[in-house]
Amino acid sequence: MSRKASRASLISLPLERSPGAPPLHQQLYSQLRQAVLDGRLAADTRLPSSRLLAEETGCSRNTVLSAYEQLTAEGYIVGRVGAGSYVSRVLPEDLQPHGSRGHAPAAALQDTGVETAAELGARAQAILARTGQQRSTGLSAFAPFSVGAPDGRYFPFDVWGRLAGRFWRAPDPLLLKQGDPAGLPELRQAIADYLGAVRSLTVSPEQIFITSGSQQALTWVCRLLLDPGDRVWIEDPGYSGFRAPLMAAGAEPCPVSVDRDGFAVEEALAGPQARLAVVAPARQFPTGAILSLARRLELLRWARATGGWIVEDDYDSEYRYAGRPLAPMQSLSEGAERVLYIGSFSKVLFSGIRMGYLVVPPALAEPLRRLRHAIEDHPPLAMQPVLAAFMKEGHFAAHVRRMRLIYAKRQACLRALCAEHLPEDVRLEGLEAGLHLLARLPERDTRDGGDRAVAERARTGGLMVQALSAYCLDPARRARQQGLLLGFAATARSEMPWAVRTLAGALGDSRSESRAAG
Ligand SMILES: Cc1ncc(COP(=O)(O)O)c(C=O)c1O
């Protein structure tokens, strides 16, 4: 890819030197950042070397380096050893689900109620500024169509409570001692058995690490494999929960399109090289696309040829309603040594359990074990024996079977109602598996707010609807990725008729508004 010539030296950087003026490195940082945000310094523009900019501005080289370091830490520029610094393609503001450009991180932090911004590390500041404060929608997490919430009312808490009592009323003294850095061996064995039986994955318990969910699993991948500045291909639209762990590692997330066949491997290969690709092949979030076999093999070839790594997030694969699942990438012979597999219990048990796991290739097991021991000793022991017994004694499989029937009926009901009430050009996607479906809207001009405005109107009507475009990092993709995520797992069938009619109303209003505007 051709790089734009250095243009930073062509823009004016007036520095104030009067007593009481902000420090020069702070002024340089603010002016360069503003130039990036307002487009005077476009993506991929090469910045002048620190020596040259120091000469041009009459500052010391350390002053320039300090400004560059802050811009790098916050994600405005990316530095390549020996190749200079470039303006990032994805700016921090783009990483916010509702990206709003033009706020300085410190200002954004004030919005989050963080008053000690200057004392925080630059990466923490950048993450806080990018994620913003969680705004309450005023709706319950179980309002119709909320995504990612399983129906906890059917969970066998009586069994769970009995098992917890068995382990913790009079605990085995061994349980009170230091644990294994990878997690309780019995739980890792139970997960290995489950993966073998259900996902055709042949892995040994030594390859499995218990985590507090998928995000922590990715955090360990980053600690083990990435250095600051490493590029990571991520799906766009994609799961926003994976961005912060990457940013915390100082990595550069590079968004790649998703189409009907999933992650667009050809597009990734044609762009700047990455060290890691994070994909959800079984069921891409949020589109539900399944990564085609041809693309899986292509990605594996890339990893082998370049020494790259693949994270396979096997999210939402437990609930399948139609067709046979493709084998996980880690089970393919080419994949075993380049793929790290992530699984989560958040959707199968209940979200608050915060448990998941990471399966690493055999060669990475011992290094990760030692790294984890050095950094956090071992994962908390309280829930591990309970979950191990829950799996070993068959309760886990029984719960999945039971919930699959319930969710299949809810999905069928939602599909029928959508077919009846929603306009014909709304297409339902992601129907084979998972706990939500995507109501894809036609590509549109987003000046009237597009899918976000529809989602907002639906929320006013009491529905917890998410807009597909809100999951896009690249602003240019938002007009093409228009749709609404409709979670059905925690929505009873009796609630669905009014919910779908309310949704149809929100869609109808948007049409009349865009006709009026046109
Ligand atoms: C794509 C994807 N992967 C994984 C998860 C589960 O994450 P965790 O285990 O951290 O709860 C989610 C949750 O919504 C998700 O959307």
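Residues numbered from 1 in each chain as written. Predicted model: local features only at pLDDT ≥ 70, side-chain atom pairs only at ≥ 80, totals over all residues. Heavy atoms only, no water.

The name that an unreviewed UniProt entry assigns to the protein chain is PLP-dependent aminotransferase family protein, with the source organism given as Fodinicurvata halophila. Quoted verbatim from the Sequence similarities (unreviewed entry) field of UniProt, the annotation for the protein chain is "In the C-terminal section; belongs to the class-I pyridoxal-phosphate-dependent aminotransferase family." (UniProt positions renumbered as here; feature names shortened; annotations may be inferred.)

### Comments concerning the site of the ligand
Around the ligand sit Gly213, Ser214, Gln215, Tyr239, Phe285, Asp313, Tyr315, Ser344, Ser346, Lys347 and Arg354, and that is every residue in its neighbourhood. Aspartate 313 is positioned such that a nitrogen or oxygen atom in its side chain is 2.7 Å from a nitrogen atom of the ligand. Contact between the ligand and arginine 354: an oxygen atom at 2.7 Å from a side-chain N or O atom of the residue. In the complex, the protein chains occlude 93% of the 400 Å² of accessible area that the ligand would expose alone. Of the residues that constitute the shell around the ligand, the class distribution is 3 nonpolar, 5 polar and 3 charged. (Near = heavy atom within 4 Å. Polar contact = N/O pair within 3.5 Å; in protein donor to acceptor, adjacent residues only side chain to side chain. Areas by Shrake-Rupley, 256 points an atom, 1.4 Å probe, with all protein chains shown as cover. Nonpolar A, V, L, I, M, F, W, Y, C, P; charged D, E, K, R; others polar.)

### What about the packing of helix H1 (residues 24-37) against helix H3 (residues 61-74)?
Packing of H1 against H3 leaves a shortest axis separation of 8 Å and a crossing angle of 45°. Relative to H3, the element H1 is oriented oblique. For the pair H1 and H3, the crossing hand works out as right-handed. Judged by residue contacts, Leu24, His25, Gln26, Leu28, Tyr29, Leu32 and Arg33 of H1 engage Thr63, Val64, Ser66, Ala67, Tyr68, Gln70, Leu71 and Glu74 from H3. Class assignment of the residues belonging to the contact of H1 with H3 gives a composition of 8 nonpolar, 5 polar and 2 charged. (Axes fitted to C-alpha atoms, helices over the stretch in contact; angles between N-to-C directions. Helix = DSSP H or I, 4+ residues; strand = E, 2+ residues; numbered from the N terminus. Parallel < 35°, antiparallel > 145°, perpendicular 65-115°, else oblique. Left-handed = near helix turned anticlockwise from the far one by under 90°. Contact = heavy atoms within 4.5 Å.)

### Some details on the confidence of the model for the protein chain
Of the residues in the protein chain, 88% reach a pLDDT of 70 or more, and the chain-wide mean stands at 87. Counting contacts from residues 96-104, a segment whose pLDDT is below 50, to residues more than four positions away or on other chains yields 20 contacts. (pLDDT = per-residue confidence, 0-100.)

### Thoughts on the environment of histidine 421
Relative to the helices and strands, histidine 421 is located in helix H14 (residues 395-421). Judged by relative accessible area, which is 26%, histidine 421 ranks as partly exposed. Between the C-alpha atoms of histidine 421 and arginine 501, which are 80 residues apart in sequence, the distance is 6.5 Å. (Buried < 20%, exposed > 50% of the residue type's maximum accessible area, 1.4 Å probe, protein only.)

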